[in-house]
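Inside the fold
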Amino acid sequence: MATTDRHATTLALAHALSAAERGLAVLPLSRTKLPALRSPHHGDPRPALCHGECGRLGHGVYDATTDPRRIRELFAAAPWATGYGIACGLPPHHLIGIDLDTKSGTDASAALRELALRHLFTIPDTVVVITPSGGRHIWLTGPPDTVIPNSAGRLAPGIDVRGAGGYLVGPGSRTEHGLYSTAPGTAHLPPAHCPPALLRLLTPPPRPHQHAPRGADSAPAGHPDALPQRGQGLVQFVLAAHEGQRNTRLFWAACRAYENGIGEALAPQLVDAALRVGLTEREALSTIASAARLTGDT
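Predicted model only: the values in this text are computed from it and were never measured. (Residues numbered from 1 in each chain as written. Predicted model: local features only at pLDDT ≥ 70, side-chain atom pairs only at ≥ 80, totals over all residues. Heavy atoms only, no water.)

What follows concerns unusual backbone geometry. Of the consecutive residues proline 91 and proline 92, the connecting peptide bond is found in the cis state with omega at 5°. One can find proline 92 in the loop between strand S2 (83–87) and strand S3 (95–100). For lysine 33, which is not a glycine, the phi torsion comes out positive at approximately 75°. Here the phi dihedral of leucine 120 falls at roughly 60°; this positive angle occurs in a residue that is not glycine. By the secondary structure assignment, leucine 120 is in the loop between helix H3 (108–119) and strand S4 (128–130). Taking relative accessible area as the criterion, leucine 120 reaches 75% and is therefore assigned exposed. (Helix = DSSP H or I, 4+ residues; strand = E, 2+ residues; numbered from the N terminus. Buried < 20%, exposed > 50% of the residue type's maximum accessible area, 1.4 Å probe, protein only.)

Structure, rendered in C-alpha cells:
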C-alpha cells in the first residue's frame, strides 16, 4: 500500500475512534464512500438477508460500533480504508443527517431555507460537515421512539436525508473526490435536537392499507391497472428523461415508489421505461436496487 494511502487509513482510524468516544457508531469506508469490507455473502447463489447474525465482518452499516477494539479489528480487515462512516438512527444520539447536495444543479441550501420559512423552524447550531464538492451535512438528533427513513430529494430537490439504516461520511475521511471536514466553529458542538416542525416533515405518513375487494373484474396485484396513478406518473417521469438525466430520473422515481410502498410492484415498469430511454437492463436494475437500499426497503 502506498505511503499516502497508509497515512489516510491511519488518520481515518484515529478520527473514527474519536467519533466513537462521542457515542457515534462507526465503520470503515473505501475511497468510493462505500463500506470498505465486502459482504461475506457476495458469492452465494442466493445471498442471505443477513445483518451480521452470521458473526462475520462485511455487513455495511450493521458493522458500525463504538467499541474501540472492534473498530480496530474492522480497520485491520480493511487496510485500504481511507474514511469512516457514522451510522444514523442509533442510540444515544439517534443521528439524522441532512445532506445538502451541490452536484444536482439545484441550490439545496436555499431550498432548506425556504422550507424553514414555510414551516416556521430554524436550524440550530450544530455539527456541519463540508463535503469535497462543497455540499454540507447537517447533524441533528431525533427522539428515540421515532424512526426517520432514508430519502433522496423527498424534502426538496438536492436534499437527501440519512436516517435509520443509513450513514454519513465522517469528518477526516478522504475519498476519491477529496477530504470531508467540519465547518469552522462546529467541531466542538454536540448534534442539536431536530426542530419539531422539521421532524414532522422527515417522518413519512403511515402507508394506507388496501382493503378493496378483489372481484372478478379487479386487476391482480402488480398489474399496471392495480397501481395508483402516482405510480404511472413516476413511469412517465422516467420516459421523459433526456440523455444525461436518465439514471438520475430513474433513481428519483424508484425512491419515491419505495417510499410509497409500491416499489416492488412498480419496478418492472420502471425497468421497461429505463430500457426505452436508453439504459441497459443491468444499469436499470442496479439503480433501482440502490433506491431500495437507500429507502430501507431491503
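Turning our attention to the sheet that holds strand S8 (residues 167–169). Spatially, S1-S2-S8 is the arrangement adopted by the three strands of the open sheet, whose pairing is antiparallel. Across the chains shown, the open sheet's two edge strands, defined by having one partner strand only, are strand S1 (26–29) and S8. Averaged over all adjacent pairs, the angle separating strand axes in this sheet is 35°, with direction ignored. Across the sheet, helix H2 (residues 68–77) lies against S1 and S2, angled at about 10° from S1, the strand it touches most. (Pairing = 2+ DSSP bridges. Axes fitted to C-alpha atoms, helices over the stretch in contact; angles between N-to-C directions. Contact = heavy atoms within 4.5 Å.)

Compared with the 16 Å implied by 1.5 Å per residue over twelve residues, the 16 Å span of H3 between its first and last C-alpha is a close match. Among the residues of H3, Ala108, Ala111, Leu112, Leu115 and Ala116 are the ones counted as buried. Looking down the long axis of H3, one finds its buried residues gathered within 140° of arc, a one-sided arrangement. Exposed and oriented more than 90 degrees from the buried face of H3 are Arg113, Leu117 and Arg118. Buried residues in H3 make contact with S3, strand S5 (136–141), strand S6 (151–156), strand S7 (159–162) and helix H4 (196–202). Within two residues after H3, leucine 120 carries a phi angle of roughly 60°, on the positive side. (Expected span 1.5 Å × (residues − 1). Arc of directions from axis to C-beta.)

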